[in-house]
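Given next are the chains, with one letter for each unit.
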Amino acid sequence: MAVKSLVPTEKILHNILVIRNNRVILDRDLAMLYGVETRSLKQAVKRNAKRFPKDFMFVLTKKEIESMVSQNVIPSKSYFGGAKPMVFTEQGVAMLSSVLNSERAIEVNILIMRAFVKLREIISTHKKVEIKLKEIDSKLTEHSDQIVQIIELINQLLIPPESPKK
């Protein structure tokens, strides 16, 4: 698989963004990965529009593009060359393999699918770690309260008893 060395998983993971609560990849980034022009990718999608419902692919709004610029996700609006970018969900990327019918597209598609799986694994691990940290924090809070009580008892025991008055 010659493509694997050309497209490391980390590069693909870097291209996965969260927009409208969906993990997506920009058309421009996909075109670069597939080794085609963005224009060609968009034309192929438009010719096969029925294969790309809104949960597979959607076009970014001006507001979303401005937000990406302000968050330094992209350098400027001109990054897209004037046309509004399309973004593809994992299912949309899978559908692209039936539209872009080249050997490279198939190999890159497999790598992208694996990157999405790896991202899900990373997120799952992250959630498990977060849950464990919350458990530890809860136990520490409980223990710290008990430690404070123990210290107070020790301090009371260290106070010498008052001598009886005669």
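Heads up: these notes are all about the structure in this document. Keep in mind that what you see is a predicted model, and the values were worked out from it rather than measured. Along each chain, residue indices are assigned from 1 in the same order as the chain's sequence is written. A pLDDT threshold of at least 70 governs which residues receive local features in this predicted model, and a stricter bar of 80 or more applies before side-chain atom pairs are shown or counted, although totals over entire chains, interfaces and linings include all residues. Hydrogen atoms and water are omitted, and side-chain values are computed over all heavy atoms in the structure.

**A word on the side chain of asparagine 109**
Reasoning step 1: The helix count covers DSSP runs of H or I at least four residues long, the strand count covers runs of E at least two residues long, and both are numbered beginning at the N terminus. The topology assignment puts asparagine 109 in helix H7 (residues 103-158).
Reasoning step 2: Assessed through its relative accessible area of 5%, asparagine 109 is described here as buried.
Reasoning step 3: What qualifies as a polar contact is a pair of N or O atoms within 3.5 Å, subject to a donor-acceptor requirement within protein and to the restriction that residues adjacent in sequence count only when both atoms come from side chains. Of the polar contacts made by the side chain of asparagine 109, one reaches the backbone oxygen of valine 93; its length is 3.2 Å.
Reasoning step 4: Apart from the residues lying within four places of it in its own chain, the contact partners of asparagine 109 are Tyr34, Val93, Ala94 and Ser97. Partly exposed describes any residue whose relative accessible area lies between the buried limit of under 20% and the exposed limit of over 50%, with all areas from a 1.4 Å probe on protein chains only and scaled to the type maximum. Here a residue-residue contact requires only that any non-hydrogen atoms of the pair lie within 4.5 Å.

**Focus on the packing of helix H6 (residues 90-99) against H7**
Reasoning step 1: Structural elements are reduced to axes, namely lines fitted to C-alpha atoms, with helices fitted over the stretch in contact, and the angle between N-to-C directions of any two is expressed from 0 to 180 degrees. Where H6 meets H7, the axes come as close as 9 Å, and the angle between the chain directions of the two elements is 165°. Looking at the two axes, H6 sits roughly antiparallel to H7. Of the two elements, H6 crosses H7, and the hand of that crossing is left-handed. Taking contact as the criterion, the partners of Glu90, Val93, Ala94 and Ser97 in H6 are, on H7, Asn109, Ile112, Met113, Phe116 and Arg120.
Reasoning step 2: Basically, the charged four are Asp, Glu, Lys and Arg, the nonpolar ten are Ala, Val, Leu, Ile, Met, Phe, Trp, Tyr, Cys and Pro, and anything else, Gly included, counts as polar. Class assignment of the residues belonging to the contact of H6 with H7 gives a composition of five nonpolar, two polar and two charged. Should an angle lie under 35 degrees it is considered roughly parallel, over 145 roughly antiparallel, and from 65 to 115 roughly perpendicular; all remaining angles are considered oblique. Each crossing is labelled by how the near helix is turned from the far one, with a counterclockwise turn of less than a right angle marking it left-handed and a clockwise turn marking it right-handed.

**Description of the packing of aromatic side chains**
Reasoning step 1: Each Phe, Tyr or Trp ring, with Trp reduced to its six-membered ring, pairs with another whose centre is within 6.5 Å; inter-plane angles below 30 degrees give stacked pairs, above 60 give edge-to-face pairs, and intermediate values give tilted ones. Within this structure, the stated rule accounts for one aromatic pair.
Reasoning step 2: With 5.9 Å between their ring centres and 80° between their planes, phenylalanine 52 and phenylalanine 88 make a pair best called edge-to-face. Of this pair, phenylalanine 52 sits in the loop between helix H4 (38-47) and strand S3 (57-59) while phenylalanine 88 is found in strand S4 (residues 86-89), placing the two residues 36 residues apart along the sequence.

**So, the sheet that holds S3**
Reasoning step 1: A strand pair is defined by DSSP finding two or more bridges across the two strands. A sheet is described by the order of its strands in space; here four strands give the open sequence S1-S2-S4-S3, paired in antiparallel fashion. One side of each edge strand has no neighbouring strand; the edge strands of this open sheet are strand S1 (16-19) and S3. Going from strand to strand, the sheet's axes swing by 40° on average, the running direction of each strand aside.
Reasoning step 2: Where S1 and strand S2 (residues 22-26) come together, four bridges link them in antiparallel fashion. Opposite isoleucine 16, over in S2, you have isoleucine 25 as the bridge partner.
Reasoning step 3: Set on the sheet, H7 makes contact with S1, S2 and S4; between it and S2 the angle comes to about 145°.

**Comments concerning the pattern of salt bridges**
Reasoning step 1: Just to be clear on terms, a salt bridge is a Lys or Arg side-chain nitrogen sitting within 4 Å of an Asp or Glu carboxyl oxygen. Counted under the stated rule, the structure contains six salt bridges.
Reasoning step 2: Of the charged contacts, one joins lysine 42 and aspartate 27 as a salt bridge, the two residues approaching to 3.2 Å between their closest N and O atoms. Of this pair, lysine 42 sits in helix H4 while aspartate 27 sits in helix H3 (residues 27-34), and the two are 15 residues apart along the sequence. Aspartate 27 shares its class with lysine 42; the two are buried.
Reasoning step 3: The closest approach of N and O atoms between lysine 134 and glutamate 130, which form a salt bridge, is 3.5 Å.

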